[in-house]
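Chain residues, written in single-letter form:
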Amino acid sequence: MPTPPRLNDPAERAAYKAELRAVARPLRMGAVWLAVLGALLAALRAKVWPMPIAVPAAVLGVAFFLMVLGITVRVKYHQRRMRGEL
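A brief structural summary. (Residues numbered from 1 in each chain as written. Predicted model: local features only at pLDDT ≥ 70, side-chain atom pairs only at ≥ 80, totals over all residues. Heavy atoms only, no water.)

Right, let's talk about the packing of helix 2 (residues 25–47) against helix 3 (residues 54–83) for a bit. One way to put it is that helix 2 packs onto helix 3 with a least axis distance of 8 Å and a crossing angle of 160°. Regarding the angle of helix 2 to helix 3, the classification is roughly antiparallel. The handedness of the crossing between helix 2 and helix 3 comes out as left-handed. Its residues placed into classes, the contact of helix 2 with helix 3 shows 19 nonpolar, 3 polar and 3 charged. (Axes fitted to C-alpha atoms, helices over the stretch in contact; angles between N-to-C directions. Helix = DSSP H or I, 4+ residues; strand = E, 2+ residues; numbered from the N terminus. Parallel < 35°, antiparallel > 145°, perpendicular 65-115°, else oblique. Left-handed = near helix turned anticlockwise from the far one by under 90°. Nonpolar A, V, L, I, M, F, W, Y, C, P; charged D, E, K, R; others polar.)

Right under this line is the structure:
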């Protein structure tokens, strides 16, 4: 069974931080880009391009869902890693 990282050692702590940053990164970055797109659509809707409010709201809703999903996956990974399951 693998052992959890020793966070008292600065080198292992830095390595674990890098490892944890990589967990669910595509989900979290996708959420950020969708949030930017949703904000852009909302601004376009307000100034230039008439569209239903549901369009930017749906994009922002999906972005929120992906961000929460990414955070949840990362937290679960951390919990399992600290228990020595991974």
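Further notes follow.
Of note, the phi angle at alanine 24 is positive, near 60°, even though the residue is not glycine. On the secondary structure map, alanine 24 appears in the loop between helix 1 (10–22) and helix 2.

Let us now look at the side chain of arginine 81. With respect to the element layout, arginine 81 can be found in helix 3. Overall, the relative accessible area of 15% leaves arginine 81 in the buried class. Setting aside chain neighbours within four positions, we find arginine 81 in contact with Thr3, Pro4, Pro5, Tyr16, Glu19 and Leu86. (Buried < 20%, exposed > 50% of the residue type's maximum accessible area, 1.4 Å probe, protein only. Contact = heavy atoms within 4.5 Å.)

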